[in-house]
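Residue-level listing of the chains:
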Amino acid sequence: MGIAPVIEVSGIRKAYGRTVAVDEVSFTVNPGEIFGLIGPNGAGKTTTMECVEGLRTPDRGAISILGMDPFRDVYRLQVRIGVQLQQAQLQKRIKVWEAVALWASLYPKPVEGKRLLERLGLGEKRNAKFMTLSGGQKQRLFIALALINDPEVVFLDELTTGLDPQARRAIWDLVRGIRERGKTVFMTTHLMEEAERLCDRVAIIEHGRIIDIGSPDELVGRHCPERTVMLSTEHGLAEERLRAMPQAEEVTRQDSRFTVRGRGDDFVTEVIHCLSENQIRVTDFRTMLPNLEDVFLKLTGHSIRD
């Protein structure tokens with residue numbers, strides 16, 4: 001017997017009139033992992049998450065969190081999960097510490113609000129009104145409110161949308177910190193770099209259906225085994241030698257710049273070996289490895305930003 005999943009979703013469907021938002025979605029989330037539901041806006045991520053949290057009732061299918069039903073066991077579950085919603089807002093004039101105190105009062109065993117704010121970098125903002133906070137500070141506060149009951153499972157929906165890169169990276173560090181304290185994180189994002197940096201496993205969702213699930217590396221290896229090396233050399237025999245490589249599937253040349261394509265983890269090593277064996281001196285050498293963005297393009301035929 002393996003360890004039971006923290007979240008189990010099997011065959012859920014949710015339609016609004018004729019529009020099917022979520023179509024036969026199934027996945028599991030394991031204890032202590034950051035699991036990401038990734039896909040473009042409108043793919044069904046938020047609807048799926050809201051069904052799992054018990055905020056929306058699916059038309060059919062089964063959901064279990066920590067072995068409980070999010071609808072039948074809603075009060076038992078509330079104290080064990082923490083939720084950050086995508087469109088969250090607070091009263092404009094509420095102070096940071098007041099919001100935390102209000103949330104803490106809803107739970108039987110809250111963590112200490114002051115320490116939580118310090119840990120999330122909001123200690124100096126405890127007397128600030130919500131309306132005066134920056135986007136990154138508001139997101140930190142929403143994380144604080146999701147963590148006030150010391151939950152076992154934390155739900156984060158499009159957490160860093162609209163934040164500048166610096167604020168985004170700071171939030172990523174906070175999310176890693178949540179996992180390091182033994183919690184399970186279930187998040188949605190349409191930012192592929194975010195998914196690559198944070199998630200242990202991801203499920204790619206498109207038009208309400210899950211296309212594939214795995215670690216970012218597994219998905220890249222499965223769907224995009226291609227590797228590209230770009231190099232510059234004045235060596236007269238470079239083109240001939242590179243084309244002679246059995247692993248090279250395509251060699252293109254523009255003056256002294258070469259682009260060599262092949263597949264497999266050893267491909268880059270083979271190119272380096274070919275250069276050193278033939279004493280080909282290079283003035284530039286770059287590798288281009290595929291990422292989740294490429295996987296998405298390959299699986300759906302369009303970029304996630306389209």
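Refer to the structure printed above.
Within every chain, residues take consecutive numbers counted from 1 along the sequence as written. Only residues with pLDDT of 70 or above have their local features reported here, since the model is predicted, and side-chain atom pairs are shown and tallied only from 80 upward, although totals for entire chains, interfaces and linings are computed over all residues. Only hydrogens and water are set aside when side-chain values are computed; all heavy atoms of the structure are taken into account.

A.B. asks: Which parts of the structure should I look at to understand the pairing of strand 11 (residues 250-254)?
C.D. replies: In regular strands, side chains alternate between the two faces of the sheet. Should DSSP find at least two bridges between two strands, the strands are taken to pair. Secondary structure elements follow DSSP: runs of H or I of four or more residues count as helices, runs of E of two or more count as strands, with numbering from the N terminus. Taken together, the five bridges between strand 11 and strand 12 (residues 257-263) define a ladder with antiparallel strand orientation. Its bridge partner lying in strand 12, Gln254 is registered against Arg257. Here strand 11 hands over to strand 12 after two residues, with Asp255 in that stretch at a positive phi of 55 degrees.

A.B. asks: Can you help me understand empty space enclosed by the protein in this one?
C.D. replies: In this approach, a probe sized like a water molecule rolls over the atoms, and the result shows the empty space that is left. In this analysis, the protein atoms alone were mapped onto a 1 Å grid. Cavities are point sets where a 1.4 Å probe fits without being able to get out; pockets are open sets with protein on both sides within 12 Å along at least five of seven lines; lining residues have an atom within 4 Å of a point. Grid points are joined across faces, edges and corners, and a volume is the space filled by probe spheres set on the points. The tally for this structure, following the rule as stated, stands at one cavity of 30 Å³ or more. Taken together, Leu156, Leu159, Thr160, Trp172, Val175, Met187, Glu194 and Leu198 form the lining of the largest cavity. Among the secondary structure elements, those contributing two or more residues to the lining of the largest cavity are helix 6 (165-180) and helix 7 (192-198).

A.B. asks: Could you clarify how one ought to interpret the state of the cysteines in this entry?
C.D. replies: Note on disulfides: each one is a pair of cysteine sulfur atoms within 2.5 Å. If you walk through the whole model with that rule in mind, you get zero disulfides. Counting only cysteine sulfurs, Cys224 is the nearest neighbor of Cys199, a cysteine outside any disulfide, at a range of 18 Å. For every residue, the accessible area obtained with a 1.4 Å probe (protein chains only) is divided by the maximum for its type, and the residue is called buried under 20%, exposed over 50%, and partly exposed between those limits. You can call Cys199 buried: its relative accessible area is 7%.

A.B. asks: Is there a simple way to explain helix 3 (residues 96-104) in this structure?
C.D. replies: The α-helix advances 3.6 residues per turn, and as a result positions three or four apart in sequence lie on the same side. All of the buried residues in helix 3 are Val96, Ala99, Val100 and Ala104. Down the axis of helix 3, the smallest arc covering the buried residues is 135 degrees, so these residues share one side. Those residues of helix 3 hidden inside the fold are in contact with helix 4 (113-119) and helix 5 (135-147). The arc refers to the directions leading from the helix axis to the C-beta atoms. Contacts are assigned to residue pairs with any non-hydrogen atoms lying within 4.5 Å of each other.

A.B. asks: Can you help me understand the sheet that holds strand 1 (residues 7-16) in this one?
C.D. replies: Paired through their backbone hydrogen bonds, the strands of a sheet run either parallel or antiparallel. Strand order in the open sheet made by the three strands is 2-1-4, with antiparallel pairing throughout. The open sheet is flanked by strand 2 (19-29) and strand 4 (60-65), the only strands paired with a single partner. Neighbour-to-neighbour, the strand axes of the sheet open up by a mean angle of 20 degrees, direction not taken into account. Looking at chain direction, strand 1 and strand 2 are connected through seven bridges and run antiparallel. Bridge pairing in strand 2 places Tyr16 opposite Thr19. Convention adopted: a line fitted to C-alpha atoms gives each axis, helices being fitted over their contacting stretch, and angles between N-to-C directions are expressed from 0 to 180 degrees. Each of strand 1, strand 2 and strand 4 is contacted by helix 1 (residues 45-53), which is oriented at about 120 degrees to strand 1, the strand it contacts most.

A.B. asks: Any chance you could explain a nonpolar patch on the surface here in plain terms?
C.D. replies: Patch membership is restricted to residues that have no salt bridge and whose relative accessible area is over 30%. Joining uses 9 Å for like charges and 5 Å for the nonpolar side chains Val, Leu, Ile, Met, Phe, Trp and Tyr. Each accessible area value is a Shrake-Rupley result obtained with a 1.4 Å probe; residue values ignore everything except the protein chains displayed when judging cover. The salt bridge definition used is simple: a Lys or Arg side-chain nitrogen within 4 Å of an Asp or Glu carboxyl oxygen. A contiguous nonpolar patch, built from Leu55, Val83 and Leu85 and spanning about 230 Å² of accessible area, is present on the exposed surface. Counting through the fold element by element, Val83 comes out in strand 5 (residues 81-84). Given the relative accessible area of 31%, Val83 is considered partly exposed.

A.B. asks: What is the right way to look at the environment of Phe267 in this model?
C.D. replies: Mapped onto the fold, Phe267 is located in helix 10 (residues 267-277). Assessed through its relative accessible area of 1%, Phe267 is described here as buried. Filtering out sequence-adjacent residues up to four positions away, Phe267 remains in contact with Arg227, Val229, Met245, Gln247, Ala248, Val260, Arg261 and Gly262.

A.B. asks: Help me out: how do you make sense of the environment of Leu242 in this one?
C.D. replies: On the secondary structure map, Leu242 appears in helix 9 (residues 238-243). It is 7.6 Å that separates the C-alpha atoms of Leu242 and Val271, two residues lying 29 residues apart in sequence. For Leu242, the contacting residues outside a window of four places in its chain are Leu231, Ala248, Val251, Phe258, Val260, Val271, Cys274 and Leu275.

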